[in-house]
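Now for the letters of each chain:
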Amino acid sequence: MIAGVLQFEPAWGVKDANFKKIESLCRNAKLDLLVLPELSTTGYLFLSKKELSSHAEEFPGGETSSFLQELSIKTGGFVVAGVAEKDEGIFYNSAVLFGRKGHMGTYRKVHLFSTEKKVFEPGNLGFPVFDIGVAKVGMMVCFDWIFPEAARTLALSGADIIAHPSNLVMPYCPDAASTRALENNVFYLLSNRTGEERRKTLHLKFIGSSRIIGTKGEVLSSADKEERLLSCKIDPQKARTKRITPQNDLFSDRRSDQYKL
């Protein structure tokens, strides 16, 4: 299959502009799976829940759902995107999976970072895995990376690929993604934003460094800080054999009976 990750700088609060930029950067691309950054259509820094309420949407339904379904049709595959989700007046920093027929699933960010805690609620859907036919895909969002339990849960649930929409600011985060891929023998699609964002007293610079990572932690394709689409061929079958040596299996050798606090 052909996997892709998009790195770009979203404009804060201007969905139409972000839709157009995403569409432009992905023009003529044919992908089986495309991953967009965290909060890719709205921007990142929200000052209050009241402000967030006018940008968050329900999924499915709404203009972002329509755009992501159309993007899936144009690229020929599936799309994972970081979005601001609203559900019965509660706001989540979420990742959604769309195909040509529409919405397929939602993951809500479990581990909130910094000022996110003031406007979003922690995720309550666990770490689901979705079957897209050619592969099984699990989703994380940004700060989830620092908790190895997140990636391990997805891998133990059968994920061949971890799709990771992000707004990373710490320079060592992308290197840790290789460790998560290696320790779980999965492919890892890290889509990070670039640029910076200022909202009154809040200011963040994002590091870019998006990458597609193989099952041994090897970087198959990467970006620096430029806006660009990365893509490469991957074979999900390689994620389904957890054998390290003839005597060792990554998962069956786990001693869960000993992992007690």
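Residues numbered from 1 in each chain as written. Predicted model: local features only at pLDDT ≥ 70, side-chain atom pairs only at ≥ 80, totals over all residues. Heavy atoms only, no water.

Among all positions of helix α4 (residues 148-156), only A150, A151, L154 and A155 are buried. What you see down the axis of α4 is that its buried residues fit within an arc of 125 degrees, all on one side. In this structure, the buried residues of α4 make contact with β6 (129-131), β7 (136-139), β8 (161-166) and α5 (173-184). Looking one or two residues past α4, G158 carries a phi angle of roughly 105 degrees, positive in sign. (Buried < 20%, exposed > 50% of the residue type's maximum accessible area, 1.4 Å probe, protein only. Helix = DSSP H or I, 4+ residues; strand = E, 2+ residues; numbered from the N terminus. Arc of directions from axis to C-beta. Contact = heavy atoms within 4.5 Å.)

Turning our attention to the state of the cysteines. Working definition of a disulfide: a covalent bond connecting the sulfur atoms of two cysteines. Under the criterion given, the structure shown has zero disulfides. Looking at C142, it has no disulfide partner, and the nearest cysteine sulfur is the one in C173, 6.9 Å off. For C142, a relative accessible area of 7% translates into the label buried. You can see C232 has no disulfide; the closest cysteine sulfur is in C26, sitting 15 Å from it. (Disulfide = S-S within 2.5 Å.)

In this structure, I161 and Y188 are the most contacted members of the largest nonpolar core, which totals 62 residues. The contact partners of Y188, leaving out residues within four places of it in the chain, are M140, W145, I162, H164, A177, R180, A181, R211, I212 and I213. (Core = buried A, V, L, I, M, F, W, Y, C linked by side-chain atoms within 4.5 Å.)

Let us look at the side chain of E51. With respect to the secondary-structure elements, E51 resides in helix α2 (residues 49-53). Contact partners of E51, with chain neighbours within four places excluded, come to W12, L45, F46 and R199.

Time to look at the pairing of strand β9 (residues 187-192). Within a regular beta strand, the side chains point alternately toward one face of the sheet and then the other, so they alternate between its two faces. Most of β9 is tucked away, with six of its six residues classed as buried. Side chains of β9 alternate between two faces, with F187, L189 and S191 and Y188, L190 and N192 buried alike. For β8 and β9, the ladder comprises six bridges, and the chain directions are parallel. For S166, the partnering residue across the bridge sits in β9 and is N192. After leaving β8, the chain enters α5 and then returns to the sheet as β9, a path that is right-handed. As paired elements, β9 and strand β12 (residues 211-213) share three bridges and run antiparallel to each other. Bridged to L189 within β12 is I212. (Pairing = 2+ DSSP bridges. Right-handed = clockwise from strand over helix to strand, strands pointing away.)

The next thing to look at is the environment of V35. Among the structural elements, V35 can be located in strand β2 (residues 33-35). The spatial distance from the C-alpha of V35 to the C-alpha of A163 is 6.5 Å, given a sequence separation of 128 residues. Discounting residues that sit within four places of it in the chain, V35 has contacts with G4, V5, L6, V80, A163, H164, P165, L189 and S191.

This brings us to empty space enclosed by the protein. The final tally for this structure, using the stated rule, is two cavities of 30 Å³ or more. Within this model, the largest cavity holds a volume of roughly 80 Å³. Considering the residues around the largest cavity, the lining is formed by Y44, F113, C142, F143, W145, N167, L168, V169, M170, C173 and L204. A breakdown of the residues in the lining of the largest cavity according to their chemical character gives ten nonpolar, one polar and no charged. By volume, the second largest cavity amounts to about 50 Å³. (1 Å grid on protein atoms, 1.4 Å probe; cavity = no way out; pocket = protein on both sides within 12 Å on 5 of 7 lines; lining within 4 Å. Points joined across faces, edges and corners; volume = space filled by probe spheres on them. Nonpolar A, V, L, I, M, F, W, Y, C, P; charged D, E, K, R; others polar.)

The strand order across the open sheet built from six strands is β5-β4-β3-β2-β1-β14, with neighbouring strands paired in mixed fashion. Either end of the sheet is taken by a strand with one partner, and the two such strands are β5 (102-108) and β14 (228-233). Looking at each pair of strands side by side, their axes are set apart by 30 degrees on average, direction ignored. Pairing between strand β3 (residues 78-87) and strand β4 (residues 90-99): nine bridges, direction antiparallel. Each bridged residue has a counterpart across the sheet, and for E85 the counterpart in β4 is Y92. Strands β2, β3, β4 and β5 of the sheet are contacted by helix α3 (residues 63-75), whose axis makes an angle of about 175 degrees with β3. (Axes fitted to C-alpha atoms, helices over the stretch in contact; angles between N-to-C directions.)

Another point: the packing of aromatic side chains. To describe a pair of aromatic rings, you give the distance between the ring centres and the angle between the ring planes. A full pass over the atoms with the stated rule returns seven aromatic pairs. Measuring from ring centre to ring centre gives 5.6 Å for W12 and F46, while their planes differ by 55 degrees; the resulting arrangement is tilted. Of the two residues, W12 is situated in the loop between β1 (2-7) and α1 (15-25) and F46 in the loop between β2 and α2; the sequence distance between them amounts to 34 residues. What makes W12 partly exposed here is its relative accessible area of 24%. A relative accessible area of 5% means that F46 is categorised as buried. A cation over a ring is seen here: R108 above Y92, with NZ or CZ 4.0 Å from the ring centre. Lying over the aromatic face of W12, R199 brings its terminal NZ or CZ to 3.7 Å of the ring centre. (Phe/Tyr/Trp six-rings, centres within 6.5 Å; stacked < 30°, edge-to-face > 60°. Lys NZ or Arg CZ within 6 Å of the ring centre and 35° of its normal.)

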